[in-house]
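Per-entry structural report
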Amino acid sequence: MKILRLSSKELQKICSRVYCNKKRIEEKVRRIVEEVHLNGDEALLKFTKKFDGVKLTAKDLRVSESEINGAYQNIEPAFFDILKAIFENIERFYKKELKKPWRVKDGDGAELGRLFRPIEKVGIYIPSGTAPLVSTVYMTVLPAKLAGVERIVIASPPNKSCQIDSNILVVANILKVSEIYKMGGAQAIAALAFGTKTVPRVDKIVGPGNAYVTEAKRQVFGYADIDMLAGPSEVVIIANQFSNPKFVIEDLRAQSEHSGGLSILITTSRRFANLIKKEVERGYIILARNLDHAVEIANSIAPEHLEILTNKPKRLLKKIKNAGAVFLGPYSPTAIGDYWAGPSHVLPTCGTARFFSGLGVKDFIKTTHFVSYSKKALDKARQSIEKLTSLEKLPRHFESVKVRFD
């Protein structure tokens, strides 16, 4: 690990990092997206063969019932008990996020309110390159289900045997996912955003992916909504002389399992910093003047995962402004959030925790305002509307009000 000075350009670069800004990737993805938009299944199959090394027909794209049934044969019975417990954790957490419609009235007969409606069709991308991200299935599908989404479509790249990982198929099937398609990369995102003869067009696309997937999500935004622009996994750990060095070492090492993962230790103890530096190869160490200063640095980095391993971590929690998820105390490693605790592990990275939030029920809900005025209430507002329409030089707007009193 490398100890950074607070004034170093390297630290400034970390604080201003972005998910991906390579012109080559942007241009390559644009060509893929445009071709899928224009040629649909033909382009999707072409890129599946080119990038995944798999030759499929349009009929092969959608996972069949027989494939799903066959996947169950590869699953150990104990896995179902584990899933049941995890699902309960996630549902317990996200049920607190469900909202009810509301309305307000006044004495003149004006009634205003807000309705909450689920997005109708959602596409979920499940990576399966270096390893199948089985946990991402339930971390994305369950919040969508609780929101009331009726049609959930999963896209995941096929392996060399033209199959999707059995665990992904089984978890998706248990959660009653509507459809699963064998497609990955930028071409899968384009297919979901625009639709093809085989793949349905969705209203929103969520889920993590590599730089090509993320760039494709950026480019199709507007044709469909997206959850966020996410980069490689990150962890920042705030620790001091009272922290257990073994816990810090292993939590930092865990991030090295992710391609391009970012590991940062912020500590108030130089001795502790030197100890960790000897044991962990990849990552950075930042020396802070005190714990308040450590929090200030962490807020500037705005990490995906923030662990606070000091002796009284909850004292610092109220000062955290920017983090995807915060893990408090020695027995709350990032891994408990990745797989088990309840909140989704789909979190903002690359400093976007300054304005993005972790995936939740809210991401699958849209709101509609409603306005219901009586004649008396409209009359009360008439003079004000006349003045404003005059200022904006939109006289017909006022006429649409005035005609109701002629």
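Residues numbered from 1 in each chain as written. Predicted model: local features only at pLDDT ≥ 70, side-chain atom pairs only at ≥ 80, totals over all residues. Heavy atoms only, no water.

Spatially, the 6 strands line up as an open sheet ordered 1-11-10-9-12-13, and their pairing is parallel. With partners counted over all chains shown, the strands left at the sheet margins are strand 1 (2-4) and strand 13 (325-328), one partner each. Within the sheet, the average angular offset between the axes of one strand and its neighbour, ignoring direction, is 20°. Where strand 9 (residues 234-239) lies against strand 10 (residues 262-267), 6 bridges are found, and the strand directions are parallel. Its bridge partner lying in strand 10, Ile238 is registered against Ile266. With respect to the sheet, helix 12 (residues 270-279) is in contact with strand 1, strand 9, strand 10 and strand 11 (284-287), its orientation differing from that of strand 11 by roughly 175°. (Pairing = 2+ DSSP bridges. Helix = DSSP H or I, 4+ residues; strand = E, 2+ residues; numbered from the N terminus. Axes fitted to C-alpha atoms, helices over the stretch in contact; angles between N-to-C directions. Contact = heavy atoms within 4.5 Å.)

Side-chain pairs of opposite charge can arise where the charged atoms are in close proximity. Here the structure, examined in full by the defined rule, presents 20 salt bridges. Between Glu10 and Lys2 there is a salt bridge; the shortest N-O distance is 2.7 Å. Among the salt bridges present, the one from Glu250 reaches Arg253, with a minimum N-O distance of 3.0 Å. You can see Glu250 and its partner Arg253 sitting in helix 11 (residues 245-255), 3 residues apart, about one turn around the helix. For Arg253, a relative accessible area of 34% corresponds to the partly exposed category. (Salt bridge = Lys/Arg side-chain N within 4 Å of Asp/Glu carboxyl O. Buried < 20%, exposed > 50% of the residue type's maximum accessible area, 1.4 Å probe, protein only.)

On to the packing of helix 9 (residues 185-194) against helix 10 (residues 211-220). Across the interface, helix 9 lies against helix 10 with an axial gap of 7 Å and an inter-helix angle of 25°. By the angle between their axes, helix 9 is roughly parallel relative to helix 10. Of the two possible hands of crossing, helix 9 and helix 10 adopt the one that is right-handed. In this structure, helix 9 contributes Gly185, Ala186, Ile189, Ala190, Ala193 and Phe194 to the contact, and helix 10 contributes Tyr212, Val213, Ala216, Lys217 and Val220. Broken down by class, the residue content of the contact of helix 9 with helix 10 amounts to 9 nonpolar, 1 polar and 1 charged. (Parallel < 35°, antiparallel > 145°, perpendicular 65-115°, else oblique. Left-handed = near helix turned anticlockwise from the far one by under 90°. Nonpolar A, V, L, I, M, F, W, Y, C, P; charged D, E, K, R; others polar.)

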